[in-house]
Structures are given as structure tokens and as C-alpha cells.
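# Structural overview for review
Chain by chain, the residues run as shown.
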Amino acid sequence: MDFNQRVIPQVTANFLFQEALARYHFALRRLPPKSNLILDLGCGTGYGTSLLAKKGTVIGLDVDKEAILYAHKHYPKATFITASALKLPFPDKQADAAVSFETIEHFSQTAKFVSQVSRVLHTNGLFILSTPHGKSNSPYHAKYFTSATLAKALKKKFRRVQLFGQSKSPQAKAAFQKFLLSQSARQAYVHSDTLGLRKLIPKSIKEKFWTYLGAFHGRQAQEQLTWKDFPITKYVKNCEYLIAVCQK
């Protein structure tokens, strides 16, 4: 799997994992106490899908076969299928709720995606999604959204749309800067190895070296963060991610 695109527990940097996990905790608090079916669209490796299983039957869906295989192996409490969110393999009005985090920006066909989600939700069904706020440098993103453009796209199919914003706590901001320093240090070591000698070193030894190097350059600070360091509030003006709660 491409860990630059997928959040992989124990592999992805902790601050990115906790930031993503915070969105699932936000959704968990807003889902009905008992749901017959919850859909996680663009579920990735399934860590969040498994969390949603506390509220009822949940199905995670993603186009990445490797991610789905990982999810099947690690999270038996949920069901996972390989499919596109632009062509959902479910009958009309099948689900009580759907979540989709960091997915809508990957589609140029925004209206088709929103229409598909609306189609599979029951009357009064709930849809919770997130997307980066504003322009992104990611080569994987086909579109970007402001609070106004996201609300406009969603209101075409949902009668009520509430927007929230996700940001970093002061501790998370400081840890992020230290993390960037550790990444720069790692890249410097890699570039200095012009002969590729690091490839001859056993993997276990290299992992210990990178762990020591990261800790020495401040990476350890971000290991102490939890999902609570990435609050989601009603303040959207300067947020990093937009979160939408939509009622059909």
C-alpha cells in the first residue's frame, strides 16, 4: 500500500493517525444509538470502520484491494468490500448512515458521489464527511473545497447541512513542527548515503536506527498525541479540515 495515501496503524506517523481517528470519534458521537447499517465509504485500512461497529452493522468500502485485504485481516468486527463510491453496490434506501472521510476531494464528479450516497440512505439518513479546507498539494486530489462550495454541493441532495472545522491543539502544532525536523534529518541521512550502503544493513537494525534518529530530532513528541489533540468545533474560518453533518 502507498502509506503516503493510506493511514496504516503502526506505520503512519502517529499525529496523522490520531488526526484521522478524531473524525471517526466525532461521527461515533452523532450516529444513532442503534443502526441497522452504517457505510464507511473510502474506508482505507478499516481502523475507523471497526470503531463504528459499536453502533451497529457496518460495511467498509474502498477501491484499494490491498487496503481491503488489510482491513479483513485486522478488523473482524466489520465487513469490507472492494467497490467504488461512485457506483455503490447497495439498493436504494438501504443504510441508516454513511461516513466518508477524505474521499470527496478524490472525485471530479462531486455531484455523482453525493447523489450515490443520498440514494442508498433511508429517509432522514445521516451522512458525515470530511475534506481538506482549501487547496491541497496532493497529487491524489481532483478537487478542493471551501466551506461555501462544500455546503452548496451537499445541499443539492441533503435538506440540512452543518459544517464544522478540525484543527490542531497547541501541543499537536508543536509536535508537528518537531516531526518535520525529524523527517528532514532522515532525508539528509538518506541523501548522504550516495553508495546505498544502508540497503546492506539488516532491516531490524535500520528500524532501531531510524527510531533513535527520530527521537533525537524531536519525533517522539508526536507519539504522545491522542485523537483529542485534533478538536472538531463549529469554527471553520481557519480550520485545516472541513467536516459536514448532513441530514437527508
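Take helix α3 (residues 65-74) next. When we look at burial in α3, the residues that qualify are Ala-67, Ile-68, Tyr-70 and Ala-71. Across the axial projection of α3, the buried residues extend over an arc of 160°, all falling on one side. More than 90 degrees from the buried face of α3, the exposed residues found are Lys-65, Leu-69 and Lys-73. Next to the buried residues of α3 lie β2 (56-62) and β3 (79-82).

This part takes up unusual backbone geometry. A negative phi angle characterises most non-glycine residues, just as the trans form characterises most peptide bonds. Residues other than glycine seldom take positive phi values, yet Gln-10 does so here, at roughly 70°. With relative accessibility at 82%, the residue Gln-10 sits in the exposed group.

Moving on to the packing of aromatic side chains. The full count for this structure, using the stated rule, is 8 aromatic pairs. Here Tyr-24 and Phe-101 contribute two aromatic rings whose centre-to-centre distance is 4.8 Å and whose plane-to-plane angle is 85°, an arrangement assigned as edge-to-face. With Tyr-24 in helix α1 (residues 14-30) and Phe-101 in strand β4 (residues 95-101), this residue pair connects regions lying 77 residues apart in the sequence. Aromatic side chains Phe-113 and Phe-127 sit 6.3 Å apart centroid to centroid with 70° between the ring planes, which places their arrangement in the edge-to-face category. You can see Phe-113 sitting in helix α4 (residues 110-120) and its partner Phe-127 sitting in strand β5 (residues 121-132), a full 14 residues away along the chain. As far as burial versus exposure is concerned, Phe-113 and Phe-127 are alike and both buried.

The subject of this paragraph is the pattern of salt bridges. Scanning all chains against the criterion turns up 6 salt bridges. For Lys-168, the salt bridge identified is with Glu-19, shortest N-O distance 3.6 Å. Of this pair, Lys-168 sits in the loop between β6 (160-166) and α6 (170-192) while Glu-19 is found in helix α1, placing the two residues 149 residues apart along the sequence. Each member of the pair, Lys-168 as well as Glu-19, carries the same accessibility label: buried. Ionic pairing is found between Lys-168 and Glu-240, a salt bridge with its closest N-O pair at 2.5 Å. On the criterion of sequence distance, the pair formed by Lys-168 in the loop between β6 and α6 and Glu-240 in the loop between β7 (232-233) and β8 (241-247) is long-range, its members being 72 residues apart. Each of Arg-6, Asp-62 and Asp-64 takes part in a single network of salt bridges with overlapping partners.

Criteria and cut-off values
Residues numbered from 1 in each chain as written. Predicted model: local features only at pLDDT ≥ 70, side-chain atom pairs only at ≥ 80, totals over all residues. Heavy atoms only, no water. Buried < 20%, exposed > 50% of the residue type's maximum accessible area, 1.4 Å probe, protein only. Helix = DSSP H or I, 4+ residues; strand = E, 2+ residues; numbered from the N terminus. Arc of directions from axis to C-beta. Contact = heavy atoms within 4.5 Å. Phe/Tyr/Trp six-rings, centres within 6.5 Å; stacked < 30°, edge-to-face > 60°. Salt bridge = Lys/Arg side-chain N within 4 Å of Asp/Glu carboxyl O.

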